[in-house]
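The residues making up each chain are set out below.
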Amino acid sequence: QVRLVESGGGLVQPGGSLRLSCVASGKIFSFDVMGWFRQAPGKERELVAQISNGGRTNYADSVKGRFTISRDNAKNTVYLQMNSLKPEDTAVYYCNSHRVVMGVSSDYWGQGTQVTVSS
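This one's a predicted model, so the numbers in the text were calculated from it and none came from an experiment.

Draft legend 1. Inspection of the overall build of the protein at higher detail. Helix and strand counts for the protein come out as zero helices and 11 strands. Helices and strands appear in the protein in the N-to-C order β-β-β-β-β-β-β-β-β-β-β. Taken against the 2.2 N^0.38 rule, which gives 14 Å for 119 residues, the C-alpha radius of gyration of the protein at 14 Å falls within 12% of a compact globule. Projecting the C-alpha coordinates of the protein onto the three principal axes gives extents of approximately 45 × 25 × 25 Å. For the protein, the computed accessible surface area is about 6500 Å², with 49% contributed by carbon and sulfur atoms. Computed over 13 positive and 9 negative side-chain charges, the separation of the two mean positions in the protein equals 5 Å.

The following block contains the structure:
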């Protein structure tokens, strides 16, 4: 099992910044793809950003140029730096660990952290 604990959410004004952190513990595989997803009220959970063990990144079009995902494998931590925040970024943000072992996929999720962008 993998345990993921997010932190760093909160209330911020439009144009502001936040940095989310996610610490992983348990049966961690270094080749896991780590990511951030978000879910706004009444909407489906959507991918925000992902990063491979080698540092390859993937972003949703809506956050490109504003958000940056990074990981510190030595600390088992993944970060999401969010700049130029907009009200539409308001959501619960979830950390995700995705792995494929012998063709079998597994996903682990954190409990989520609320991000609210409002004046």
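Draft legend 2. Summary view of the pairing of strand S3 (residues 18-26). Summarising the sheet, strand S1 (residues 2-7) and S3 pair through six bridges and their orientation is antiparallel. If you follow valine 2 over to S3, its bridge partner there is glycine 26. Inspection of the sheet shows S3 paired to strand S8 (residues 77-82) by six bridges, in the antiparallel sense. Directly across from leucine 18, in S8, lies its bridge partner methionine 82.

Draft legend 3. Highlighting the pattern of salt bridges. Counted according to the given criterion, the structure contains five salt bridges. Shared partners join several salt bridges into a network, and the residues in it are Arg38, Glu46, Arg66 and Asp89.

Draft legend 4. Seen up close, the nonpolar core. Of all hydrophobic cores here, the largest spans 28 residues; its most connected members are Trp36, Leu80, Met82 and Tyr93. Examining the composition of this core, we find that four residues originate from one element, S3, more than from any other. Setting aside anything within four residues of it in sequence, one finds leucine 80 in contact with Leu18, Arg19, Leu20, Trp36, Val48, Ala49, Phe67, Thr68, Ile69 and Tyr93.

Draft legend 5. Here's a closer look at the sheet that holds S1. With antiparallel pairing, the four strands of this open sheet are ordered in space as S1-S3-S8-S7. Looking at the sheet topology across the chains shown, the edges are occupied by S1 and strand S7 (67-72). When strand polarity is set aside, the average angle formed by the axes of neighbouring strands in this sheet is 15°.

Draft legend 6. Structural detail: the state of the cysteines. For the structure on display, the rule yields one disulfide. The disulfide bridge from cysteine 22 ends at cysteine 95, spanning 2.1 Å between sulfur atoms. Here cysteine 22 and cysteine 95 share a disulfide; its torsion about the S-S bond, -85°, makes the bridge left-handed. Taken together, the residues cysteine 22 in strand S3 and cysteine 95 in strand S9 (residues 91-101) connect sequence positions 73 residues apart. Judged by relative accessible area, cysteine 95 falls into the buried class, the value being 0%.

Conventions we followed
Residues numbered from 1 in each chain as written. Predicted model: local features only at pLDDT ≥ 70, side-chain atom pairs only at ≥ 80, totals over all residues. Heavy atoms only, no water. Helix = DSSP H or I, 4+ residues; strand = E, 2+ residues; numbered from the N terminus. Rg over C-alpha atoms; globule rule 2.2 N^0.38 Å. Areas by Shrake-Rupley, 256 points an atom, 1.4 Å probe, with all protein chains shown as cover. Lys, Arg positive; Asp, Glu negative; His and termini not counted. Charge placed at Lys NZ, Arg CZ, Asp CG, Glu CD. Pairing = 2+ DSSP bridges. Salt bridge = Lys/Arg side-chain N within 4 Å of Asp/Glu carboxyl O. Core = buried A, V, L, I, M, F, W, Y, C linked by side-chain atoms within 4.5 Å. Buried < 20%, exposed > 50% of the residue type's maximum accessible area, 1.4 Å probe, protein only. Contact = heavy atoms within 4.5 Å. Axes fitted to C-alpha atoms, helices over the stretch in contact; angles between N-to-C directions. Disulfide = S-S within 2.5 Å.

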